[in-house]
Amino acid sequence: MSLSVTEPFDAIARSNVNSAWGALTMEVLARLGVNTVVTSPGSRSTPLTIAAARNARVEALSILDERSAAFYALGLAKRTRRPVALVCTSGSAAVNYWPAVLEASMSGTPLIIMTADRPAELRDCSSGQTIDQLKLYGDSVRQFKELALPECSPEMLAYLRQSLVHAVHLSLSANAGPVHLNFPFRDPLPPSLDASQPVVEAAVLEEAATVSTRPCEAVLQAGGLDLVALERLSSHSRGLIIVGTENPRCGDEAFANAVSMISKKLGWPVLADVLNPLRNYASEDRRVITRYDTFLRESGEQASLQPTAILQIGSLPTSKVLRAWLGQLNAVSFLLSASPINIDPLHRVATPLYGDVLSLAEHLQHQRVDSDWASKWTTLEARQSQAIDERMGNLDTLFEGKVAWLLSRHLPVGSSVFLASSMSVRYAEYFWSAGSRACAVFCNRGANGIDGTLSTALGVAHGGRPAFLLTGDLAFLHDSNGLLASSQLRGSLTVVLINNNGGGIFEHLPVAQMDPPFEQYFSTPQDVDTGQLCAAYRVPHQVVNDWSQLVNALTKSSDPGLRVLELLTDRKADRLQLHKFHQ
C-alpha cells in the first residue's frame, strides 16, 4: 500500500506513529537549538532513543547509569547555558534523575527531561516497570506535562510541536531550570519498515519546518529595575558588593565587566567568591577582594570595615565567616537576582532587585566616591594576599589548600574548572588567587551535595576547552559510575584528586573530637586503591608526589579523554595547616 501525505493518517502502522512522535520531538528540539540528547538504554523509550540516534542535527550520547547521565547533561548545560535533553525508560530509571534535577532547579540550569511511560491502561495494575511518574519531581521543575498518546493527525503533530516549543522557552525563562515531559507509548515500540514510513517522514519534516524561532539563543531576559531603589542604593558611599555563586547567562567576561563598572560608579569594593567569573577577570581591577575570610576573622579589623549598604549579586559566598559578619551588620541591603527567588538566607531587611548586572551597570549613575573607604579594603587585600603567597611558596609538604592556590596560577588560559563540594570548594574560596586566566568555574552548589561530581565535570568538559576537576576522594568515589560515562567524553578532563582517605570537612566540626564513632560514621575512610579502580576503566592515573610534578602535569597539553592526578594528603595535618593560615 502506498500513501501520500494528504491521505488519512489512521492507515499508518502504530509502530510508525510512535516513530513519528519521536522523530518530530527530536527534529523540533534540534530546530530550537537543543544540540545534545543524553539517553540511557531501555525499551519503553525506544521511539525517542532511535529518533535521537537517527537525527543528524543532534548529538546523541548513550550513558548506562541514568543518575550519571543526568549529571553529565547538567554539566554540559551549565557550560553551554543552553538546554540538554535527557531520555530514559519508564520505572525507577526516572527516579535516578532526581538528584540532578534538584541541582538543576536550584542552580537555574536548563534541562529537558523526557521520561517514557506506560499508557494509562497499564498503570495501577501491577504492570512491570511501572511507577507513578506524574509530577515525579514535584516543584523542582518549571513545568510538568503529560503528553498525549502519539497520533499522526495534523492537529496532534501541531500539539506536540508547540508543547516542545513552550518547554524549551520555559527552561530558559527568567526562572530558568528543568522541564519534565512524560511520554506514554503503546506497543509496538520499534519502527517497522513498511510502506507508511515515507509518509511519516514527510509529515514530520513538514510539521517541524513550521518552527521558526530558536529560543536557546534568546537567553537574556529584558526587565526593568526599580529606579527608586537604585537612587537609595546610590546614596551610600560606604557600601560593599557581595558576589557569590553565579553562572551568568551574558557570559563570564561581560559579567565581570559589568560588575567592575558598578564598582567604579559606586566606589565600592567587590567581595568575590571563587564560584563566579570575577577572580579570573580581575587583573586590572584592584577593588576585587578575595581574602575576606582571613581578615574578617580579626576583630580589630572589623570595626573600620562596617558598611552602610550592601549590594548582593546572586547567592551568598560559601564563607561562614563572611555570612556571620554580614548577619550582624546594621546595613541597608539590596538583593540583585535575575530570577524571582529569595537569595537571602540571613533574612535581613532587604530590597529585592530583579534584573541582571548589565542593566544595573547601565542604569547606575556615577557617584561621588569615598576613596578612603575602598582603600581600606584593598590595603588589607594586598597585605593578606602577600602573606598567603609567601607561605604557600615556602610550603613543601602536600597541603590540600595549596592545590587550589596552584590551580589558580597554572591552569591553561580559558580552561574550565569544576570544584567539588565540601573542602575542595572551601579551599578554593580561601586560596584561589585573583588574576586574568579567564578560567570558567563551575560547581554543584545548588543543594551543596557531592552527588554526581565526576559526571557533572565530564559534562562540563564535553565539547569544550580542556577542563579540570578538583575533588576529594569521597566525592570522587560517590560518583565512580561516572568513570563509565567517560567513554562518551568528547574533550579533555583532568581530575585533581585529593585523597586523604575520608571526609576532610568533618575534621573541622566539633564531632571530630568524638572518636569513636567519628572515623567510622563521619570520616568514613574507604581504603580504595584509586590506581586499580582507574585501571579497571582504562583511565590513565598518576600519583603526584611533589608540587613540581603537579605544576608540570597541569601545564602540559591535555590529551583527549579522562585522566586522574592523585595527591595523597593527611586530613588531620591539613586541618592544622589551615588553622595556621587563619591565625
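Here, every reference points to the structure presented above.
Residues numbered from 1 in each chain as written. Predicted model: local features only at pLDDT ≥ 70, side-chain atom pairs only at ≥ 80, totals over all residues. Heavy atoms only, no water.

Looking now at the overall build of the protein chain. When helices and strands are counted, the protein chain shows 23 helices and 18 strands. Relative to its length of 583 residues, the protein chain is compact, with a C-alpha radius of gyration of 26 Å against a globular reference of 25 Å. The principal-axis extent of the C-alpha atoms belonging to the protein chain is close to 85 × 60 × 45 Å. The contacts of the protein chain with a sequence gap of at least 6 include a subset with a gap of at least 24, amounting to 79%. Accessible area of the protein chain: about 23,300 Å², with a carbon and sulfur share of 51%. (Helix = DSSP H or I, 4+ residues; strand = E, 2+ residues; numbered from the N terminus. Rg over C-alpha atoms; globule rule 2.2 N^0.38 Å. Contact = heavy atoms within 4.5 Å. Areas by Shrake-Rupley, 256 points an atom, 1.4 Å probe, with all protein chains shown as cover.)

Moving on to unusual backbone geometry. In this structure, proline 188 follows aspartate 187 across a cis peptide bond, with omega equal to -5°. Inspection of the secondary structure assignment puts proline 188 in the loop between β6 (178-184) and α7 (197-208). Of note, the bond from proline 516 into proline 517 is cis; its omega dihedral lies within 30 degrees of zero at 15°. You can see proline 517 is positioned in the loop between β16 (492-499) and α20 (518-523). For glutamine 129, which is not a glycine, the phi torsion comes out positive at approximately 55°.

Attention now moves to the pairing of strand β14 (residues 440-443). The side chains of a regular strand alternate, first on one face of the sheet and then on the other. By the alternation rule, side chains of β14 split into Ala440 and Phe442 and Val441 and Cys443, which are all buried. One ladder, built from 4 bridges, connects strand β13 (residues 416-419) with β14; its direction is parallel. Note on β14: the bridge partner recorded for serine 416 is alanine 440. As a crossover connection, the stretch from β13 through helix α16 (residues 423-431) into β14 is right-handed. (Buried < 20%, exposed > 50% of the residue type's maximum accessible area, 1.4 Å probe, protein only. Pairing = 2+ DSSP bridges. Right-handed = clockwise from strand over helix to strand, strands pointing away.)

With respect to topology, 6 strands assemble into an open sheet ordered β2-β1-β3-β4-β6-β5, the strand pairing being parallel. The open sheet is flanked by β2 (59-62) and β5 (143-146), the only strands paired with a single partner. Each neighbouring strand pair of the sheet contributes to a mean axis angle of 20°, computed without reference to strand direction. Where strand β4 (residues 111-117) lies against β6, 7 bridges are found, and the strand directions are parallel. (Axes fitted to C-alpha atoms, helices over the stretch in contact; angles between N-to-C directions.)

Tracing the chain through its elements places methionine 156 in helix α6 (residues 154-171). On the accessibility criterion, methionine 156 (17% relative accessible area) is buried. Methionine 156 sits 181 residues away from serine 337 along the chain, and the two C-alpha atoms are 39 Å apart. Dropping the residues within four chain positions of it, methionine 156 is found in contact with Trp21, Ala148, Leu149 and Glu151.

Our next topic: the pattern of salt bridges. Opposite charge on two side chains makes pairing possible when the charged atoms of those side chains draw close. Evaluated as defined, the whole model comprises 19 salt bridges. Put simply, arginine 571 and glutamate 507 hold a salt bridge, and the shortest N to O gap is 2.6 Å. Here the residue arginine 571 occupies a position in helix α23 (residues 571-582), and glutamate 507 occupies one in the loop between β16 and α20, the gap between them amounting to 64 residues. Judged by relative accessible area, which is 9%, arginine 571 ranks as buried. For glutamate 507, a relative accessible area of 4% gives the class buried. For arginine 571, the salt bridge identified is with glutamate 519, shortest N-O distance 3.0 Å. Here arginine 571 is found in helix α23, whereas its partner glutamate 519 is found in helix α20, with 52 residues between them in sequence. Through salt bridges with shared partners, a single network forms among Glu507, Glu519, Arg571 and Lys572. (Salt bridge = Lys/Arg side-chain N within 4 Å of Asp/Glu carboxyl O.)

In short, geometric facts, not functional conclusions.
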